[in-house]
Amino acid sequence: MKYFWSIAPPILAVLTLGLIVLAGCSDQETLQPDSSAYDDIEDTHGIPLAQYWGDRIVSEAFYALNQSRSGGSTVSYHGSAMSDWNYVESDRGADRRVAWWIGSCTARGGAGGIARLKDWDGNWKDCHRGGYCRFFANLVLYRSSYGWGNGKHLVLPRSGTGYALEDVHQAQPGWILQSAMPHTAIVVVVYSYGLDVVDANWVSGNGNFAISRHLYTWEQLANYGFKAYNPWASPTLMDQNGPEIQCY
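Here the structure is a predicted model, which means the values were calculated and not measured.

J.: Quick one: what's the story with the overall build of the protein chain, residue by residue and with numbers?
T.: Counting secondary structure elements, the protein chain contains six helices and eleven strands. Across the 248 residues of the protein chain, 56% fall into the buried class. Excluding contacts between residues fewer than 6 apart, the proportion of contacts in the protein chain whose partners are at least 24 apart in sequence is 69%. Total accessible area on the protein chain stands at roughly 9,900 Å², and carbon and sulfur atoms take up 52% of it.

Below, the structure is given as structure tokens:
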């Protein structure tokens, strides 16, 4: 079985990204939930962690690409590894809970199913969809934390982009990148020349919702205004049993 990774020398990576239609998750912040529904949620206060959680987050992000959790995929598009299976629909309970957390089915976007994308060589690729970037990042965090304890799951702060305050040079695998564009991505590898990420709705453009692994150079990260966030340092948690929205 052939696997594709997005690890590339900086010059090739820059060229590859320069040819991809790039767009942020423009609709991810448009709707916010009723604050009266927050009663069962424990925001920014949770179980003290005695272990590093980044490996679990990276493993889950890789799982979204391919069930081997290797970091590769059997599908590539424009030089990037793309999701080759229906990750979103493999855990419907997590889908419903995270859809509620982000506020609506609209904010979830087109998660699940396939985006058929025509590659440079003229071949069509079946790339699985993760929805809007914020939904996808929350879904990966949620699914990475079934072992957190007490029925709690790790998620991002519920709205806004100001939660990410660290310089991107501080980011480590498992951290979240957030820009005010807005766009959200999960760091999986740190290089001397930039950060490899797994995200949704970036490679192939806004509205295709494709899950992919690709590189941001330090220059690109600065140009797009990204900041970094450690999601387990001062965790935001939600209950496994609670409100949910069914969007399918």
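J.: Give me the lowdown on the packing of aromatic side chains, citing residues and values where you can.
T.: Per the counting criterion, the structure on display carries 15 aromatic pairs. Their ring planes at 70° and their centres at 6.4 Å tell us that Tyr-87 and Phe-136 sit as a pair that is edge-to-face. With Tyr-87 in the loop between strand 2 (80-82) and helix 3 (92-102) and Phe-136 in helix 5 (residues 133-144), this pair connects stretches of sequence that are 49 residues apart. Take Tyr-87: its relative accessible area is 1%, and that puts it in the buried class.

J.: I'd like a description of helix 2 (residues 54-65), backed by residues and values.
T.: Over its twelve residues, helix 2 runs 17 Å from end to end, which matches the ideal 16 Å to within 8%, given 1.5 Å per residue. Burial within helix 2 is extensive, with nine of its twelve residues counted as buried. For helix 2, the set of buried residues is Gly-54, Ile-57, Val-58, Glu-60, Ala-61, Phe-62, Tyr-63, Ala-64 and Leu-65. Residues of helix 2 that are buried sit in contact with strand 2, helix 5, strand 5 (152-155), strand 7 (183-190), strand 8 (194-200) and strand 9 (211-217).

J.: Which residues make up the state of the cysteines, and what values go with them?
T.: Within this structure, the stated rule accounts for one disulfide. Each sulfur of the disulfide joining Cys-105 and Cys-247 lies 2.1 Å from the other. Its S-S torsion of about -85° marks the bond between Cys-105 and Cys-247 as left-handed, since a negative value means left-handed. Here Cys-247 lies in the segment after strand 11 (236-239) and Cys-105 lies in helix 4 (residues 105-108), a separation of 142 residues in the sequence. Judged by its relative accessible area of 32%, Cys-105 is partly exposed. Residue classification places Cys-247 among the partly exposed positions, given a relative accessible area of 22%.

J.: Can you tell me about the packing of helix 2 against helix 5, naming the residues and giving the values?
T.: Contact geometry for helix 2 and helix 5: axes closest at 9 Å, N-to-C directions at 120°. Between helix 2 and helix 5, the angle falls in the class oblique. In the packing of helix 2 onto helix 5, the handedness of the crossing is right-handed. Contacts between helix 2 and helix 5 involve Arg-56, Ile-57, Glu-60, Ala-61, Tyr-63 and Ala-64 from the first element and Phe-136, Val-140, Leu-141, Arg-143 and Ser-144 from the second. Along the lines of polarity and charge, the residues of the contact of helix 2 with helix 5 split into seven nonpolar, one polar and three charged.

Parameters at a glance
Residue positions are given per chain, counted from 1 along the sequence in the order it is written. In view of the model being predicted, local features appear only for residues whose pLDDT reaches at least 70, and side-chain atom pairs are presented and counted only at 80 or more, with totals across whole chains, interfaces and linings using the full set of residues. Side-chain numbers here rest on the full set of heavy atoms in the structure, without hydrogens or water. Working definition: helices are DSSP H or I runs of at least four residues, strands are E runs of at least two. Numbering for both runs from the N terminus. Burial here depends on accessible area, computed with a 1.4 Å probe over protein chains only, as a share of the maximum for the residue type. Under 20% is buried, over 50% is exposed, and the range in between is partly exposed. In what follows, a contact means two residues having at least one pair of non-hydrogen atoms within 4.5 Å. Residue burial considers only the protein chains on display, and all accessible areas are found by Shrake-Rupley using a 1.4 Å probe. Any Phe, Tyr or Trp ring, taking Trp's six-membered ring, that has another such ring centre within 6.5 Å forms a pair; planes under 30 degrees apart are called stacked, those over 60 apart edge-to-face, and the others tilted. What a helix should span is 1.5 Å times the count of its residues minus one. Cysteine sulfur atoms are paired as a disulfide whenever they fall within 2.5 Å. Every angle, taken between N-to-C directions, lies between 0 and 180 degrees, and every axis is a line fitted to C-alpha atoms, over only the stretch in contact when it is a helix. In this scheme, roughly parallel covers angles under 35 degrees and roughly antiparallel covers those over 145, while 65 to 115 is roughly perpendicular and the rest are oblique. When the near helix sits turned anticlockwise from the far one by under a right angle, the crossing is termed left-handed; a clockwise turn instead gives a right-handed crossing. Classification convention: Asp, Glu, Lys, Arg as charged; Ala, Val, Leu, Ile, Met, Phe, Trp, Tyr, Cys, Pro as nonpolar; all other residues, Gly among them, as polar.

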